Amino acid sequence: MLTKFETKSNRVKGLSFHSKRPWILASLHSGVIQLWDYRMGTLIDRFDEHDGPVRGVHFHKSQPLFVSGGDDYKIKVWNYKMHRCLFTLLGHLDYIRTVQFHNEHPWIISASDDQTIRIWNWQSRTCISVLTGHNHYVMCASFHPKEDLVVSASLDQTVRVWDIGALRKKTASPADDILRLSQMNTDLFGGVDAVVKYVLEGHDRGVNWAAFHPSLPLIVSGADDRQLKLWRMNDTKAWEVDTLRGHMNNVSCVMFHARQDIIVSNSEDKSIRVWDATKRTSVQTFRREHDRFWILACHPEMNLLAAGYDSGMIVFKLERERPAFSMSGDSLYYVKDRFLRLYEFSTQKDTQVIPIRRPGSTSLNQGPKTLSYSPTENAVLICSNVDGGSYELYVVPKDSVGRGDTVPEAKRGNGGSAVFVARNRFAVVDKSSNQVLVKNLKNEIVRKSGLPLSADAIFYAGTGNLLCRAEDRVVIFDLQQGVVLGDLQTPFVKYVVWSTDMESVALLSKHAIIIASKKLTHRCTLHETIRVKSGAWDDNGIFIYTTLNHIKYCLPNGDSGIIKTLDVPIYITKVSGNTIYCLDRDGKNLAIIIDSTEYVFKLSLLKKKYDQVMSMIRSSQLCGQAMIAYLQQKGFPEVALHFVKDERTRFNLALESGNIQIAVASAKEIDEKDHWYRLGVEALRQGNAGIVEYAYQRTKNFERLSFLYLVTGNMDKMSKMLKIAEVKNDIMGQFHNSLYLGDIRERVKILENAGQLPLAYITAAIHGLEDIAERLATELGENVPSLPEGKVPSLLMPPTPIMCGGDWPLLRVMKGIFEGGLDNMGRDAQEEDEEAADADWGDGLDIVDVDGMQYGDIGIVMEDGEVREENDDEGGWDLEDLELPPEVDTPKASIGARSSVFIAPTPGMPVSQIWIQRSSLAAEHAAAGNFDTAMRLLSRQLGIKNFVPLRPMFLDLHSGSHSYLRTLSSAPVISLALERGWNESASPNVRVPPALVFKFSQLEEKLKAGYKATTIGKFTEALRIFLGILHTIPLIVVESRREVDEVKELIIITKEYVLGLQMELKRREMKDNQVRQQELAAYFTHCNLQMPHLRLALLNAMTVCYKAGNLNTAANFARRLLETNPTIENQMKTARQVLQAAERNMRDATQLNYDFRNPFVVCGATYVPIYRGQKDVSCPYCSSRYVPAHEGQLCTVCDLAVVGSDASGLLCSPSQIR
């Protein structure tokens, strides 16, 4: 059983498929009717007007209607488009079991527990016939698909067949009067519309279901006696043909399959059974754990079934419908109706090649699943599920193509997956041993290869290579060398499609498509909500694929889109130009013509083939919101501009692409305040003061205009703005403008006119305008405000702009690819001439005022009507005084505006990026600020996983390799990259590696400091210094190979000291454990130390052991100390005294874990000896050794790397890479 859809709900009692849409109705025991989309798996609607269980439901074949019948004795007819019940048919006196529409007539048939069957006319909404005769509940009743017959089943143990021919005649209008008279007689005296034709008796218990065969004169019934019975009928009689036994409980529903020669039944024994209708044997059984089955439904046109049970329902198929096929050059080999067929794409010729064996129908799904073809040997491998997975190998005789009658002997074998891997070799998976068996055409095993993962299927991946599939990943496996060439984690892959050049592969799973390279490097993943069915690569490297209801495309970057909607699923075999070749579910070859413009256009954009893009824009009908949104999203708003006619969209795109000319033109067309404001903002960003001014004038935004003139230093126009504010009687505007101009007298005058005499007096007095101050003081009399004592006033004057006047200078750069070439599209020639004749951006702005001065400020802003209105309201705008001209010329683009639009040059590659492009040195990546890659490199080279100690060094490297310059106070700081060994004669175009703050010479200085601290016994300080050296070495870069060796030597030296010092500090903490103190002191003497430090360590160990009474061990240390020829007399004397004392009593008071005769290294974590021959693991960076239990833990010596991890080794010089 191939499950397509499953729901969880109340008990399902009725089911009905829609004939065209992927919908199914389920009526529940709770009284709800659900409408599901089984393809998307979504609940579309629910209808709940019935009171009590709804046992029957049925879709109309062509109208948007369905009918339902329930335990409330009501039949309801619903319109699913209007989401409501249209009317209710009343008449039954008990539960209604089933309802069904007639295929042609406006009839509904219903069966009820009131022992009757009723036929209703749903157009006139009346009952037109009542069929009586059963003497128990009628469990089901249905119309024959073609003839005037009804079959019904009842708990009275009979199945009845009724003839309703009279009813059909009655509804057809009578042709002449005699007929009409007989019609009236029947109406008056009760004629019989439906008569019982046969009563089928044979079941021992009540019959639950009976159904007609769609085309043959057969009936199947199922009953509480657990049996199915098959009946045949002719014109005069009906008889029992056979009984099918197997169910263990009441059979609840049974029907003939619409397209296959089988019977499907379900039962309260929790099973669905499939029976062969000709052999009348059980073929297959599907069971559920806890659910009794109640109802079955068969799709009228597709190979789909549905079953309702206690906790929901299931939509399923019995057999897969995908034909097995294989492409080879211009040919397609495929299997149809037990024949291997050949289809040639060029001639569209379809021929039968050879017959192939049909498996015995002991169970379902035994047909060919996959097909593999070897063109040189003309051999075909067909795999199927027979015997749990097997293959058949046919070598096709050359002359048999086209005849298809000779049956070559097939070579068979077990294995669920088999493919050709070379011209005369094929591979088969042996799942039991997880091996691939390579066989020749005689079906003999040539070699065996173990698989790198537990694969359940294999696919071709180039000669000698296999793509092996596991549950969650795929690998490419080389059969010759036995190595894995590529590995990729994926959802469960069902199909694999290679491009013609074998460079790309598409892995198709149920709901996803993964595109990868031939080495399985991931490129992109597409997710689909609807099941993916098939796919093929076109000539441009675009993957075309189908889902259940669409043909779609996928670009190399993962963008996808719909090409065409499908009515029925298809399986693509080849894509050539605008033609898609495919097989449908019946095995027919189809050629579908598609429009590839959209995806070819997107591919050209992606590959930056702009000439192709230009020609497509000119020639094709590419448009629509989706395309515009795509271009915007991909950063091509200037291209989108050329598709768009809507002015608002044009305006938005023009602003986004910075095309001020088009934005101005669109703003004029739209002429709304908001658009002018946005245009002003964008023009200001571009420094185009002329357009900003024009936009502010159009919106009469005087405050912004004043501020613009202040910023651009246009004092003349500022003084005009002051006059305008005066005319408009705008006191705040006047005050602001006088403030911007720094005009003190004007400010005093404004304050005085506004009645603010104290403020006017203070302003005049502070600025030294004595005459005005005196006059105001007399006016104020006693209310003269006092000025604060001891304060020094500062002059409030606007700063002088750095740049006065016009637009910002523009960079001269190459013309953009889409500029000019596209700009003239779709414009009238007249419009072009008119615009080209206009002057430069600034010229049209200047307006002549009263005195004939250049005057481009007031947005002239108004037309006469508007002016009069304002005059009435405020009396402010006296235009006669100003004598302004009636219309301002709009500023226009310069003469060659369209041909002189430039796009900014693309920024070059940052130096930091150049540094890391060819470098594998972690220090250089950190200096470039690329900490991620630096950490990855250190992890790979040295196994480092703990980066906390390296964080300050990363930051030092980054800040140390950059310098920062300030230019202007308002401009951002410029970052400069510092390069190693730079001099003035160096070429500016040649980049050298970054300057690094850590040098090897510094480490040598630190080493000396560490030695010194050790000598004087400052062990904590010494340990800090040595650890600092260990933490710096990964970020050191040296030039020569000799220096590389020195760095590696330094790691060993430092590591020995760190380990020794850690043990010594540990020993000092353990005051109460004498044995452990002696051991740690002893191990310290085995660290590779400088001679003075070794002597001190030996002296220390000797003293500790002597005091603890371990004289024998102390004597050993004394001997080793004397062997070093100590230069300090005191050391030598002490050693000799210990030797003499020990010789008198050669014994140890306590047993130590220490054998000086047996060479050992000390574990860096547990501080125990690891003797020669014992297993150990080491740190990949500092090479400290550990007991095996510490594998995978952080090294305690260097505190950076993970013990026992793989690493490629220290890389600290470019000379190592060369």
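Computed from a predicted model, the values in this text were never measured in an experiment. (Residues numbered from 1 in each chain as written. Predicted model: local features only at pLDDT ≥ 70, side-chain atom pairs only at ≥ 80, totals over all residues. Heavy atoms only, no water.)

Trainee: What am I meant to see in the overall build of the protein here?
Mentor: Within the protein, the secondary structure is distributed over 31 helices and 61 strands. Evaluated residue by residue, the protein yields a buried proportion of 50% over its 1218 residues. When contacts within the protein are restricted to residue pairs at least 6 apart in sequence, those whose partners lie at least 24 apart make up 49%. Here the protein displays about 58,900 Å² of accessible surface, and carbon together with sulfur accounts for 50% of that area. (Helix = DSSP H or I, 4+ residues; strand = E, 2+ residues; numbered from the N terminus. Buried < 20%, exposed > 50% of the residue type's maximum accessible area, 1.4 Å probe, protein only. Contact = heavy atoms within 4.5 Å. Areas by Shrake-Rupley, 256 points an atom, 1.4 Å probe, with all protein chains shown as cover.)

Trainee: Any chance you could explain a nonpolar patch on the surface here in plain terms?
Mentor: Taken together, Leu965, Ile974 and Leu976 make up a surface patch of nonpolar side chains, about 230 Å² in accessible area. Examined against the element boundaries, Leu965 turns out to sit in strand 56 (residues 962-965). By relative accessible area, Leu965 is classed as partly exposed at 40%. (Patch = residues over 30% accessible without salt bridge, like charges linked within 9 Å, V, L, I, M, F, W, Y side chains within 5 Å. Salt bridge = Lys/Arg side-chain N within 4 Å of Asp/Glu carboxyl O.)

Trainee: Honestly, the pattern of salt bridges in this entry has me stumped. Any pointers?
Mentor: Opposite charge on two side chains permits pairing when their charged atoms draw close. All told, the structure shown has 44 salt bridges when counted by the stated rule. Note that Glu746 is salt-bridged to Lys749, the shortest N-O span being 3.9 Å. With Glu746 and Lys749 both in helix 14 (residues 744-753), this residue pair falls three residues apart, about one helical turn. The residue Asp1176 makes a salt bridge to Arg1185 at a minimum N-O spacing of 2.5 Å. Take Asp1176: its relative accessible area is 26%, and that puts it in the partly exposed class. Each of the salt bridges in this network shares a partner with another, and the network as a whole consists of Glu6, Lys8, Arg288 and Asp291.

Trainee: Sorry, what's going on with the nonpolar core here?
Mentor: A general tendency of soluble globular proteins is for nonpolar side chains to be buried together. Leu938, Phe1026, Tyr1181, Cys1182 and Cys1198 are the most contacted members of the largest nonpolar core, which totals 89 residues. Setting aside its immediate chain neighbours within four residues, Leu938 contacts Ala922, Gly943, Ile944, Phe947, Leu950, Phe954, Pro1034 and Leu1035. (Core = buried A, V, L, I, M, F, W, Y, C linked by side-chain atoms within 4.5 Å.)

Trainee: Explain helix 30 (residues 1129-1144) to me, please; I cannot follow it from the model alone.
Mentor: In an α-helix there are 3.6 residues to a turn, and that puts residues three or four apart on one side. For helix 30, built from 16 residues, the straight-helix expectation of 22 Å at 1.5 Å per residue is met to within 8% by its first-to-last C-alpha distance of 24 Å. Of all the residues in helix 30, the buried ones are Gln1131, Met1132, Ala1135, Val1138, Leu1139, Ala1141 and Ala1142. Elements in contact with the buried residues of helix 30: helix 28 (1091-1107) and helix 29 (1111-1123). (Expected span 1.5 Å × (residues − 1).)

Trainee: So what exactly am I meant to see when it comes to the sheet that holds strand 2 (residues 12-17) here?
Mentor: Two modes of strand pairing occur in sheets, parallel and antiparallel, and in both the strands are linked by backbone hydrogen bonds. Pairing within the open sheet is antiparallel, and its four strands lie in the order 2-3-4-5. Of all the strands in the sheet, the pair left with one neighbour each is strand 2 and strand 5 (42-47). Direction aside, neighbouring strands of the sheet carry axes that sit 20° apart on average. Across five bridges, strand 3 (residues 23-28) lies against strand 4 (residues 33-37) in antiparallel orientation. From the neighbouring strand, Trp23 faces strand 4, where its bridge partner is Asp37. (Pairing = 2+ DSSP bridges. Axes fitted to C-alpha atoms, helices over the stretch in contact; angles between N-to-C directions.)

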